[in-house]
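Remarks on the overall topology
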Amino acid sequence: MPSKVTVIDHPLIQHKLTLMRREETSTAKFRSLLIEISMLLAYEVTRDLPLKYEVIKTPLAEMKAPVLAPEKKLVIVSIMRAGQGILDGMLQLMPSARVGHIGLYRDPHTLTPVEYYFKVPHDIEERDMIVVDPMVATGNSAIAAVDRLKETNPKTLKLVCLLAAPEGIANFHAHHPDVPIYTAAIDDCLDEHGYIIPGLGDAGDRLFGTK
Ligand SMILES: O=P(O)(O)OC[C@H]1O[C@H](OP(=O)(O)OP(=O)(O)O)[C@H](O)[C@@H]1O
Ligand SMILES: O=c1cc[nH]c(=O)[nH]1
């Protein structure tokens, strides 16, 4: 299956992303911008959800009206910690979505992910899955998350991030060529510590004010 990367270059997303990148942006502002961008990302990533038609009554007439077709709600899986920011935004748009969590942190020396938590809803086989993490740097965290999540056999699987490095995209698609990536931007490269350049710094620290 061909690997696919979609850069969602909507002007509102690009403007808000620039505000997030600025080093002087406060934790509160960073948080609210991530929620706003995530709603816009959710709009794009769900564009191909199938619809079916139901007969409803408006105050004036009967009509066949479109509703989402899948029987089971889709599931959004947050790669903690920083995925929580995207999750919060997406849930504002899709309040009935089911939610899974995978806890991963990057060992700062080896840059390999360490799993500390895993919980997803039942019936994953019948659900579309969107995995969210603002940053795909080396791609190792996203690969590890999708490795684990594929064990649950979701109906479909998409990865949504804010920023991706070219190295991370290549690494991810070498492992998971069937999983499309949606991102707001593809940056230049990684630095020697595995940070995205120019990037926005450490997404988790900026989101939670831990530095
Ligand atoms: O593509 P990679 O090289 O794996 O890096 C990306 C990961 O790094 C960040 O998380 P981090 O490990 O800093 O944990 P945190 O979200 O708890 O801060 C980010 O949110 C990704 O999960
Ligand atoms: O630039 C980066 C790379 C990994 N994780 C982050 O939060 N930022």
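Residues numbered from 1 in each chain as written. Chains lettered and ligands numbered in written order. Predicted model: local features only at pLDDT ≥ 70, side-chain atom pairs only at ≥ 80, totals over all residues. Heavy atoms only, no water.

1. Things to note about the site of ligand 2
All residues adjacent to ligand 2 are Arg106, Met135, Ala137, Gly194, Tyr195, Ile196, Gly201, Asp202 and Ala203. Here Ile196 contributes a backbone N or O atom positioned 2.8 Å from an oxygen atom of ligand 2. In this structure, an oxygen atom belonging to ligand 2 sits 2.8 Å away from a main-chain N or O atom of Ala203. Compared with its free state, where it exposes 240 Å², ligand 2 has 89% of that area covered by protein. Using a 2 Å cut-off from the grid points, one finds that ligand 2 occupies the largest pocket. For the shell around ligand 2, the residue count by class is five nonpolar, two polar and two charged. (Near = heavy atom within 4 Å. Polar contact = N/O pair within 3.5 Å; in protein donor to acceptor, adjacent residues only side chain to side chain. Areas by Shrake-Rupley, 256 points an atom, 1.4 Å probe, with all protein chains shown as cover. 1 Å grid on protein atoms, 1.4 Å probe; cavity = no way out; pocket = protein on both sides within 12 Å on 5 of 7 lines; lining within 4 Å. Sits in = over half its atoms within 2 Å of the grid points. Nonpolar A, V, L, I, M, F, W, Y, C, P; charged D, E, K, R; others polar.)

2. Brief notes about the layout of surface pockets
Taken as a whole, the largest pocket spans an internal volume of roughly 650 Å³. Taken together, 28 residues line the largest pocket, and the ones lying closest to its centre are Tyr105, Arg106, Ser141, Tyr195 and Asp202. Counting residues per element, the ones that place at least two in the lining of the largest pocket are β4 (75-80), β5 (98-106), β8 (135-136), α4 (140-150) and α6 (203-208). Taken together, the residues of the lining of the largest pocket sort by class into 15 nonpolar, eight polar and five charged. Within this model, the second largest pocket holds a volume of roughly 290 Å³. For the lining of the second largest pocket, the class distribution of residues is eight nonpolar, two polar and three charged. (Points joined across faces, edges and corners; volume = space filled by probe spheres on them. Helix = DSSP H or I, 4+ residues; strand = E, 2+ residues; numbered from the N terminus.)

Any link to function would need more than the numbers given here.
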